[in-house]
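Listed below are the residues making up each chain.
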Amino acid sequence: VNLQGLRVVVVGGAIGGASAALVLARAGAQVTLLERESAARPVGAGIALAENGLAVLHALGIDVVPESSELSGARVVDARGRTLFAPSGEGSRVRMIRRSALYTLLGEAVARAGIDARFGEELSSLDGGRVITRSGTLEVDLVIGADGVHSRVRATAGFDARVRKLGASYVRALAPRGLARNEEAWTSAGLFGSFDLPDGTYWYASCGTVKRALEQRDLASLRAAWTRAYPASEPLLAALPSFDALLIHDVLEVECSRYVRGNVALVGDAAHAMAPNLGQGANSALVDAAVLGDELRRADTLQGALQAYDARRRPRVQAVARTAARLGALAELTNPVLRSLRDRVVMPLSARRGDGARLALQEDPRALAQLAICSSAR
Ligand SMILES: Cc1cc2nc3c(=O)[nH]c(=O)nc-3n(C[C@H](O)[C@H](O)[C@H](O)COP(=O)(O)OP(=O)(O)OC[C@H]3O[C@@H](n4cnc5c(N)ncnc54)[C@H](O)[C@@H]3O)c2cc1C
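The structure presented is a predicted model; accordingly, all values stated were derived computationally and were not measured.

Undergrad: In this structure, what is going on with the overall build of the protein? I would like to understand it.
TA: Helix and strand counts for the protein stand at 13 helices and 19 strands. The C-alpha radius of gyration of the protein comes to 21 Å, within 12% of the 21 Å expected for a compact globule of 378 residues. Along the first, second and third principal axes, the C-alpha atoms of the protein reach 60 × 40 × 40 Å. Put simply, the protein has 378 residues, and 52% of those count as buried. For the protein, the proportion of contacts with a sequence separation of at least 24, taken over those separated by at least 6, is 73%. Of the roughly 16,400 Å² that the protein leaves accessible, carbon and sulfur atoms contribute 50%. Charged side chains of the protein number 46 positive and 39 negative; the gap between the two group centres comes to 4 Å.

Shown next, in the form of structure tokens:
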């Protein structure tokens, strides 16, 4: 498809939207990016960039290395630090970055690419070839819905989607440098992970048995419960200045029966929000953008490219989302008998199979890094 001059509106300016806008602008499209927030949100804890997401960022000319920490030897452990699972080989390389740092890098790339980025501008509705915002109407050839789990693009364009709570809630926070264990512990209270960032520590925990303390916004009970279940968490919780420093999220899953409808394509959480347990939500959004670009390069027509994008992405992302949900359910077990069965039987078996990390990447990272998004038409 020759995208020169194609009028594209991307709704949502976070990881999925910014990367899709960059891919399309590099192919020559005339891209308008709508982001309802007035700027990229400066808060947001950490994010694990896996080999697939790293490859796409590399292809987009974005260098995350100075802003991120390489994780090597990260393991899943029990509360006493005994290894339950130690990923190795292909698919196990990860870099940890502050979410705000990644947003800044993407924002700078969007500005360099000359994309018409409109912050504080919200999609109100869609009407065939027109995008309606509070301040006016845009005529478009292609709309990209990158507006997250509660996507208005998805709702307005009539996508058939199931949105459900998976039952888990997570807290996430940043702490001073040097407190990370660089491990995810599966404990009697839920899971607890802590990882190095270049200038701090990123930690997260599923709420499990400490849900009550969270609901009551009771930091002392939260600290006590976690310290009992996982003593290594103590310094991280002690470093929390207040309850408000915690980011709290219910885990939501979005399952769509298609990612494309007419001239509208969904990317990222709008199409496939998933359990965080494989660390593939944001990485999958980056892969969406790259595959969309690749299919546009291969196909003769825009519709052909969009259908190929749907056919290539949906089965792979849905398989990853199912695995992430199953892993989450395993990680968050609090029943002692089931936990013991998991630790003695299930984990050794899955470690022996050993292909999980590679399958989670969905596309070969080497191929992603070489995609045509490198060869800018501009
Ligand atoms: C606890 C937790 C940990 C996670 N850890 C990881 C991890 O380590 N690795 C990983 O890969 N993923 C992780 N994820 C998942 C990841 O955060 C998401 O998958 C990713 O951020 C989705 O990006 P997105 O751009 O699709 O959507 P979002 O980040 O939701 O962005 C949507 C954007 O659209 C804007 N918007 C919404 N509505 C409108 C509108 N009507 N008009 C204009 N703009 C609009 C919003 O303001 C927002 O900027 C985690 C998620 C959770 C909850």
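Now that the structure has been shown, we can carry on.
Undergrad: What is the right way to read the packing of helix 1 (residues 15-26) against helix 3 (residues 99-112) from this model?
TA: Relative placement of two packed helices is described by the angle separating their axes and the distance separating the axes. At a minimum axis distance of 10 Å, the contact between helix 1 and helix 3 shows a crossing angle of 25°. Classified by the angle their axes make, helix 1 and helix 3 are roughly parallel. When you trace helix 1 past helix 3, the crossing you get is left-handed. Side by side, helix 1 and helix 3 meet where Ile15, Ala18 and Leu22 of the first sit next to Leu102, Tyr103, Leu106, Ala109 and Val110 of the second. Grouping the amino acids of the contact of helix 1 with helix 3 by side-chain chemistry returns eight nonpolar, no polar and no charged.

Undergrad: I would appreciate a short explanation of the environment of valine 140 in the present structure.
TA: Relative to the elements of secondary structure, valine 140 occurs in the loop between strand 11 (136-139) and strand 12 (142-145). By relative accessible area, which is 6% here, valine 140 ends up buried. Sequence spacing of valine 140 and glycine 128 is 12 residues, and the spatial spacing of their C-alpha atoms is 8.6 Å. Those residues in contact with valine 140, other than ones at most four positions away along the chain, are Arg7, Val8, Val9, Gly129, Arg130, Val131 and Asn263.

Undergrad: What is the right way to read unusual backbone geometry from this model?
TA: Among all residues save glycine, negative phi is the norm, and among peptide bonds the norm is trans. The backbone phi angle of asparagine 182 is positive, close to 50°, even though this residue is not glycine. Tracing the chain through its elements places asparagine 182 in the loop between strand 13 (161-175) and strand 14 (183-187). One non-glycine residue, glutamine 362, lies in positive phi territory at about 70°. Secondary-structure assignment places glutamine 362 in the loop between helix 12 (356-360) and helix 13 (365-370). We classify glutamine 362 as buried; its relative accessible area is 8%.

Undergrad: Would you mind showing me how to read the packing of helix 1 against helix 9 (residues 281-298) here?
TA: Look at helix 1 against helix 9: their axes get within 8 Å of each other, and the N-to-C directions meet at 20°. Judged by the angle between their axes, helix 1 and helix 9 are roughly parallel. Where helix 1 crosses over helix 9, the two elements pack in a sense that is right-handed. Here Ile15, Gly16, Ser19, Ala20, Val23 and Leu24 of helix 1 lie close against helix 9, whose contacting residues are Ala282, Ala285, Leu286, Ala289, Ala290, Gly293 and Leu296.

Undergrad: Looking at this model, I keep getting lost on the site of the ligand. Mind explaining?
TA: Of all residues adjacent to the ligand, which total 29 residues, the nearest are Gly16, Glu35, Arg99, Asp269 and Ala282. A distance of 3.3 Å is found between an oxygen atom of the ligand and a backbone nitrogen or oxygen belonging to isoleucine 15. Here an oxygen atom of the ligand sits 2.6 Å away from a polar atom, N or O, in the side chain of glutamate 35. Summarising the interface, the protein chains cover 87% of the accessible area of the ligand, which totals 1,000 Å² for the free molecule. Only helix 1, strand 2 (30-35), strand 3 (46-50), helix 3, strand 13 and helix 9 provide two or more residues apiece to the shell around the ligand.

Undergrad: For this particular structure, what's the right way to read the environment of leucine 371?
TA: Checked against the element boundaries, leucine 371 lands in the segment after helix 13. For the pair leucine 371 and valine 291, spaced 80 residues apart in sequence, the C-alpha to C-alpha distance is 8.5 Å.

Undergrad: What is the right way to look at the sheet that holds strand 8 (residues 116-119) in this model?
TA: Whenever strands of a sheet pair, they do so through backbone hydrogen bonds, lying parallel or antiparallel. Strands sit in the order 8-2-1-12-19-18 across an open sheet of six strands; the sheet is mixed. Only two strands of the sheet have a single partner each, and these edge strands are strand 8 and strand 18 (260-261). Bridging between strand 2 and strand 8 involves four bridges; their strand directions are parallel. Among the inter-strand pairings, leucine 34 is bridged to a residue of strand 8, identified as arginine 118.

Undergrad: Looking at this model, I keep getting lost on the side chain of asparagine 52. Mind explaining?
TA: Topologically, asparagine 52 is positioned in helix 2 (residues 51-59). The buried category is assigned to asparagine 52, whose relative accessible area is 0%. Only 3.1 Å separates the side chain of asparagine 52 from the backbone oxygen of leucine 361, close enough to count as a polar contact. Among all residues touching asparagine 52, those that are not within four sequence positions of it are Gln280, Asn283, Val287, Ala360, Leu361, Gln362, Pro365 and Leu368.

What counts, and at which threshold
Residues numbered from 1 in each chain as written. Predicted model: local features only at pLDDT ≥ 70, side-chain atom pairs only at ≥ 80, totals over all residues. Heavy atoms only, no water. Helix = DSSP H or I, 4+ residues; strand = E, 2+ residues; numbered from the N terminus. Rg over C-alpha atoms; globule rule 2.2 N^0.38 Å. Buried < 20%, exposed > 50% of the residue type's maximum accessible area, 1.4 Å probe, protein only. Contact = heavy atoms within 4.5 Å. Areas by Shrake-Rupley, 256 points an atom, 1.4 Å probe, with all protein chains shown as cover. Lys, Arg positive; Asp, Glu negative; His and termini not counted. Charge placed at Lys NZ, Arg CZ, Asp CG, Glu CD. Axes fitted to C-alpha atoms, helices over the stretch in contact; angles between N-to-C directions. Parallel < 35°, antiparallel > 145°, perpendicular 65-115°, else oblique. Left-handed = near helix turned anticlockwise from the far one by under 90°. Nonpolar A, V, L, I, M, F, W, Y, C, P; charged D, E, K, R; others polar. Near = heavy atom within 4 Å. Polar contact = N/O pair within 3.5 Å; in protein donor to acceptor, adjacent residues only side chain to side chain. Pairing = 2+ DSSP bridges.

The analysis is restricted to geometry; functional conclusions fall outside its scope.
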